[in-house]
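Here is how the chains run, residue by residue.
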Amino acid sequence: MSDLYDILDPWGPSNARATAAGPGMETSRECLDKVVLPPIYIIAYSAALKSGGGRITRDVLQRVLGFSDLPRQTIGQIVLAADMGVETLTQRDFNLALAMTALAQKNMTPTIESVAFHRGDLPVPELDGIESLTTSAGQGMASHSPVFDGANSGNDDPWLSAARNSAAGAAPPTSAMAGMSVADSSASKAGASSANNNAYTAKEQQLGGSTASYGEPVRTGANTDTYVPKINMDLAQWQLDLEDVTIKESAERGGIVFKHTNYEVNTRSFSAMVVRRYNDFFWISSYLVKRYPYRMHPNIPPKGFPDNRVKGLTRFANAILRIPFLRRDALVIQFFSNTDEFSRVVKVGNLDMDAEEFDPKEEAAGVPESELQQTYQAFDEFYGQVSRDEEKYRTQITALEKISRYKQAIGDELSTYSDTLHVPNMPSEGSQRSAKFHVLSQAKRALRSNLNELAMSFGDASLLDKSQGEVMKTMSAEYLRRLYDVVISMKLMMERVRLMDRSRDTQRIKERNDANIKAVAQLSGELSSGSATGPADRGGIERLERMIKEDTAELAKLEHEQRCIGVRFYQELARYKCYESFLQTHYHRFVEEQIKHHTLALNAWKQALVIADDLPTNPLHFIS
């Protein structure tokens with residue numbers, strides 16, 4: 001129970017590592033502390049420290065595991081399992097990641113539990129060329145981060161054109177979206193981390209190698225300055241196919257009188273299993289909206305669809321843990337790791353729901369005020385683009401679901417057709433008077449045999465069509481649905497920003513304040529000239545001065561809030577566009593699955609063609 005009181009201030013200086021630990025969790029994470037590890041662990045750890053400038057972040061760990069030649073999705077799962085939700089990984093976390101990598105290279109399950117089970121006979125991780133990490137990282141530190149230059153890609157980017165069109169006549173024209181920095185926003189207070197991810201390095205070379213740190217202008221071929229938004233570029237958050245959480249309905253229902261469904265929430269990275277109800281998920285969703293009103297965060301599925309609720313809650317929970325600033329939130333850590341009832345955690349915590357506070361100047365990181373204003377002035381254009389994205393993804397999801405149903409229907413009909421090719425067993429030939437008419441010719445017997453084989457080939461083709469339809473439904477449409485959730489999150493965030501906009505209030509108070517200042521000047525002039533009536537006018541001046549003082553303070557507060565809104569909108573717009581990088585993963589797998597299914601279907605139809613060519617063709621051979 002002692003760890004329960006660590007969440008009294010969920011956004012204060014609490015020990016995230018301590019609060020993240022669930023019952024029995026430390027035991028499994030300490031499984032390698034007394035194990036003699038091979039030298040490759042020390043070599044890799046030293047290279048990672050030099051690469052990260054004395055500390056190891058998730059980005060550095062991903063680059064280290066890139067030398068293992070494991071699939072990107074497997075590396076992402078290992079990083080999520082090793083990460084405890086803090087900015088810097090310890091040597092224990094690093095060793096666990098290498099041990100899981102070694103298990104994955106031997107086709108074993110890469111989990112902390114598997115490491116603890118095999119700690120006596122762990123395989124040695126293979127990291128060919130890990131020594132070169134230090135050199136490449138040094139080059140990455142010199143150039144800070146790659147920048148994606150949108151100026152050379154033509155004018156087909158609606159995001160860039162929206163900002164430019166809204167700021168017609170402003171000089172120089174810039175774009176908030178043309179540059180992306182690879183760094184950790186939350187870790188930037190301790191110093192920006194190095195960035196040399198292989199994929200981004202390749203992209204940098206492809207675009208000409210332009211680099212910039214936060215707030216630095218980048219000169220492009222079009223003589224346009226672009227600035228790098230200060231956003232977290234942890235690559236795992238863009239990989240929407242990574243899943244760290246699994247959820248299933250609990251066999252036991254909660255409640256004494258009114259029963260409710262409980263859900264078992266298993267989180268791999270926290271090595272924890274907690275029991276939560278739908279109201280707990282709804283509460284954490286409401287907390288995120290109030291705590292981070294100017295940011296995108298996942299949307300909870302509606303309660304009225306129990307059949308799809310588990311899938312929706314799973315998508316919601318995984319989306320939370322993919323976003324770095326949410327993953328490190330102390331209350332989020334408690335939600336996924338504390339085995340107590342969440343309502344009790346909230347009650348004991350005595351939580352404050354105030355919105356996050358930050359210094360907009362620090363978060364802007366040198367980006368000019370004109371750049372921020374230009375982006376915010378294009379708010380309506382960006383909102384229209386997000387609405388078009390919503391319609392686009394909704395149409396694509398609907399189309400894929402229709403194709404899936406058509407494929408499954410084609411498979412069903414083809415299966416029905418293949419059933420008709422099966423020749424039923426005929427009665428045995430007897431000694432009846434008309435027996436000679438039941439004697440099958442040799443061609444007829446061959447036809448029956450070949451039709452049965454042809455029916456099997458048709459059945460294989462029908463199964464492939466059904467499988468293709470199921471893959472479209474469960475994988476391709478699901479990936480698009482996750483992108484669609486991102487679009488909805490962005491749209492809801494922009495609607496919150498629109499409601500919280502302080503421009504009108506600021507303008508109203510400015511006008512009132514200016515009018516009061518003029519009135520004070522007029523009354524002061526009358527007093528000095530002797531035309532005023534005396535004490536009454538002095539009282540009026542004092543009253544107006546008090547109003548000016550109050551309005552000035554209120555105006556400073558509103559301008560601060562408006563600047564916070566503008567900076568966060570600038571950053572979230574950049575984050576939103578970064579999610580488009582997942583389209584490569586989606587379409588690669590989509591096309592790959594199509595090729596695989598069409599190849600198997602082609603083989604099935606080729607086999608059917610061979611059988612069809614063996615069917616007897618001489619009409620006379622069918623006469624018995």
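Residues numbered from 1 in each chain as written. Predicted model: local features only at pLDDT ≥ 70, side-chain atom pairs only at ≥ 80, totals over all residues. Heavy atoms only, no water.

### Comments concerning a negative patch on the surface
Right, so step 1: On the surface, a cluster of negative charge is made up of D69, E126, D128 and E131.
Right, so step 2: Here D128 is to be found in the loop between α7 (112-117) and α8 (132-143). (Patch = residues over 30% accessible without salt bridge, like charges linked within 9 Å, V, L, I, M, F, W, Y side chains within 5 Å. Areas by Shrake-Rupley, 256 points an atom, 1.4 Å probe, with all protein chains shown as cover. Salt bridge = Lys/Arg side-chain N within 4 Å of Asp/Glu carboxyl O. Lys, Arg positive; Asp, Glu negative; His and termini not counted. Charge placed at Lys NZ, Arg CZ, Asp CG, Glu CD. Helix = DSSP H or I, 4+ residues; strand = E, 2+ residues; numbered from the N terminus.)

### So, the confidence of the model for the protein
Right, so step 1: Summary statistics for the protein give a mean pLDDT of 77 and a share of 73% for residues scoring 70 or more.
Right, so step 2: Note on residues 137-158: pLDDT under 50 across the span, and 48 contacts to partners over four residues away in sequence or across chains.
Right, so step 3: When the criterion is pLDDT under 50, residues 218-223 qualifies, and its contacts beyond four places in sequence or with other chains add up to 14 contacts. (pLDDT = per-residue confidence, 0-100. Contact = heavy atoms within 4.5 Å.)

### Here's the deal with unusual backbone geometry
Right, so step 1: Positive phi is not limited to glycine here, since D69 has a value of about 65 degrees.
Right, so step 2: With respect to the element layout, D69 can be found in the loop between α4 (58-65) and α5 (72-82).
Right, so step 3: Overall, D69 belongs to the exposed group, its relative accessible area being 68%.
Right, so step 4: Of note in this structure, S271 is not a glycine but carries a positive phi near 50 degrees.
Right, so step 5: If you trace the backbone, S271 turns up in the loop between β5 (262-267) and β6 (272-277). (Buried < 20%, exposed > 50% of the residue type's maximum accessible area, 1.4 Å probe, protein only.)

### Section: the sheet that holds β6
Right, so step 1: In space, the three strands of this open sheet follow the order β4-β5-β6, with antiparallel pairing throughout. With one partner strand each, in any of the chains shown, β4 (245-249) and β6 form the two edges of the open sheet. Direction aside, the axes of adjacent strands within the sheet are offset by 25 degrees on average.
Right, so step 2: Note that β4 and β5 share five bridges and pair antiparallel. Residue pairing for β5: E249 is matched across the bridge by Y263.
Right, so step 3: Sheet strands touched by helix α11 (residues 278-291): β4, β5 and β6. Its angle to β6, the strand with the most contacts, is close to 95 degrees.
Right, so step 4: In the packing of helix α12 (residues 309-322) onto the sheet, contacts are made with β4 and β5, and the angle to β4 comes to roughly 155 degrees. (Pairing = 2+ DSSP bridges. Axes fitted to C-alpha atoms, helices over the stretch in contact; angles between N-to-C directions.)

### Notes on the pairing of β5
Right, so step 1: Of all six residues in β5, five are buried, a share of seventy percent or more.
Right, so step 2: Adjacent in sequence and paired antiparallel, β5 and β6 are bridged by four residues, among which S271 carries a positive phi angle near 50 degrees.

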